[in-house]
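Summary of structural features
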Amino acid sequence: APAPLPARHLFSDPAEIEALRGNLLAWYDKCKRHLPWRTLAATEPDTDRRAYAVWVSEIMLQQTQVATVIDYYNRWMQRWPTLQALAQASLEEVNELWAGLGYYSRGKRLQEAAKKVVSELAGQMPRTAEDLQKLLPGVGRYTAGAIASISYSQATGVVDGNVIRVLCRLRCIGADSSSPAVIDQLWDMANALVDRSRPGDFNQALMELGATVCVPKAPLCGECPVKQHCRARHRKLFGKPTPVPDVEDCGKRVGGCPLCPPATEPWDSSLGVTNFPRKAAKKQPREARTATCVLERRGCHGAPEYLIVQRPSSGLLAGLWEFPSLPLAQGLQEEKQREALADHLQAWMGQPVEARGLQLIGEVVHIFSHIHQTYVVYSLPLDGDVTLDPASSPSRWVTEEEFHTSAVSTAMKKVL
């Protein structure tokens, strides 16, 4: 059997747990930000409608800052105030409203899950974290815990990036915080800490603490409501780990302590509490180049119109609209890029396209989470309409105003 974890990393004192809960909830009641999804969840008497409001916010907040989400959230809830309304929407409508928010598969899965609740679950939301995760596409362990605790008062913890940072600092957990073994321990801690009478508020308080006080750089330790429980702060102040009676010496464990910083990365006194959490080195995004052509014609009122085509229904930016584009091999010279794009357009349009007629405009760089994408932008003015291959992707001509209200990515807006 594996050796027990050192007590210095655990929450095992009931008195300390109660004190931490009380201090954190009192701080949250006084200092929490007033966000639209919190207001809606607090005032909506129907638990399923409350769960829907929380669900939408949690999906939007994945990988996206609060300030960016607020406007999108308000427009979404005005348009689809209930899960049933969302289930009746089209994917095109969802993509149009989501445009610019990034990670577009989130909106698609949210709508798929809404349809499933209506068609397969009689319109009733699952009410436990376990069922939410099992039955709803796109709902992972964290989102399920957030919905269940905030909307249905289930005493279950949550672990997101903010919670990871807070817990790692509170207990000096210096192992790679993205490793499955450490994540499992953090979930155990979150479930042990969550307040049984106010689980939703407690989970939001823990996340709020990480978002506003226990931030990645320059944390506001003096304002922290649980600073007396923080082992990282104690070590910063006194230069050594908090003494714990009868604790097993980490160094005597076979293979060392699975939660302590590795011996190759000792405590850096200049970093203080920001020694924690430790993360594995980020994998560098892969480089990709794409030739993109802005086909332009004069509309019936003399204003320019642009041709956009729809991307496939799966993969990156699924179902969104873009200018005709062609992935390029790395190292391809500009002349060869132009020829490849001309051949692509010719096959697609069914009429000759001269490579020399493509005007090179410049390059646009857009960073996706895992791709460093460069768009090589060309322009091609046309005298009239084009006849497209019926087997090719859906396409349409749009004015500049229509382009910006279509389901196009931020990258394509940069291209225009």
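Predicted model, so just to flag it, every value in this text is computed and none were measured.

Take the pairing of strand β6 (residues 371–381) next. Looking along a regular strand, one sees the side chains alternate between the two faces of the sheet. In terms of burial, β6 is a largely internal element, 9 of the 11 residues being buried. Strand direction decides the pairing type here: strand β5 (residues 359–367) and β6, joined by 8 bridges, are antiparallel. Paired with I367 across the two strands is H372, which belongs to β6. The turn joining β5 and β6, which pair antiparallel and follow one another in sequence, is formed by 3 residues.

With that out of the way, let us pick up the environment of C221. Topologically, C221 is positioned in the loop between α12 (199–212) and α13 (231–238). Spatially, the C-alpha atom of C221 lies 7.7 Å from that of R233, the residues being 12 residues apart in sequence. Beyond its immediate stretch of four places on either side in the chain, C221 contacts K227, R233 and V273.

To continue, consider the pairing of strand β2 (residues 304–310). β2 sits mainly inside the fold: 5 of its 7 residues count as buried. As paired elements, strand β1 (residues 286–298) and β2 share 3 bridges and run antiparallel to each other. Bridge assignment links R297 to a residue of β2, and that residue is E305. The turn joining β1 and β2, which pair antiparallel and follow one another in sequence, is formed by 5 residues; a positive phi near 90° is taken by G302. Sheet topology places β2 next to strand β7 (residues 395–399); 5 bridges connect them, and they run antiparallel. By the bridge assignment, V309 is partnered in β7 with S395.

It is worth spelling out the packing of aromatic side chains at this point. Tallied over the full model, the rule gives 5 aromatic pairs. Judged by centre distance (4.8 Å) and plane angle (75°), the ring pair of W76 and W80 falls under edge-to-face. Ring geometry for Y306 and F323: centres 6.5 Å apart, planes at 80°, overall edge-to-face. Residue Y306 is found in strand β2, and its partner F323 is found in the loop between β3 (321–322) and β4 (325–328); the two are separated by 17 residues along the sequence. Look at Y306 and you get buried, because its relative accessible area is 9%. A cation over an aromatic ring shows up here: R141 above the ring of W187, its NZ or CZ 4.1 Å from the ring centre. Against the face of W321 rests R396, its NZ or CZ located 4.2 Å from the ring centre.

Here is what the cut-offs are and how they apply
- Residues numbered from 1 in each chain as written.
- Predicted model: local features only at pLDDT ≥ 70, side-chain atom pairs only at ≥ 80, totals over all residues.
- Heavy atoms only, no water.
- Buried < 20%, exposed > 50% of the residue type's maximum accessible area, 1.4 Å probe, protein only.
- Helix = DSSP H or I, 4+ residues; strand = E, 2+ residues; numbered from the N terminus.
- Pairing = 2+ DSSP bridges.
- Contact = heavy atoms within 4.5 Å.
- Phe/Tyr/Trp six-rings, centres within 6.5 Å; stacked < 30°, edge-to-face > 60°.
- Lys NZ or Arg CZ within 6 Å of the ring centre and 35° of its normal.

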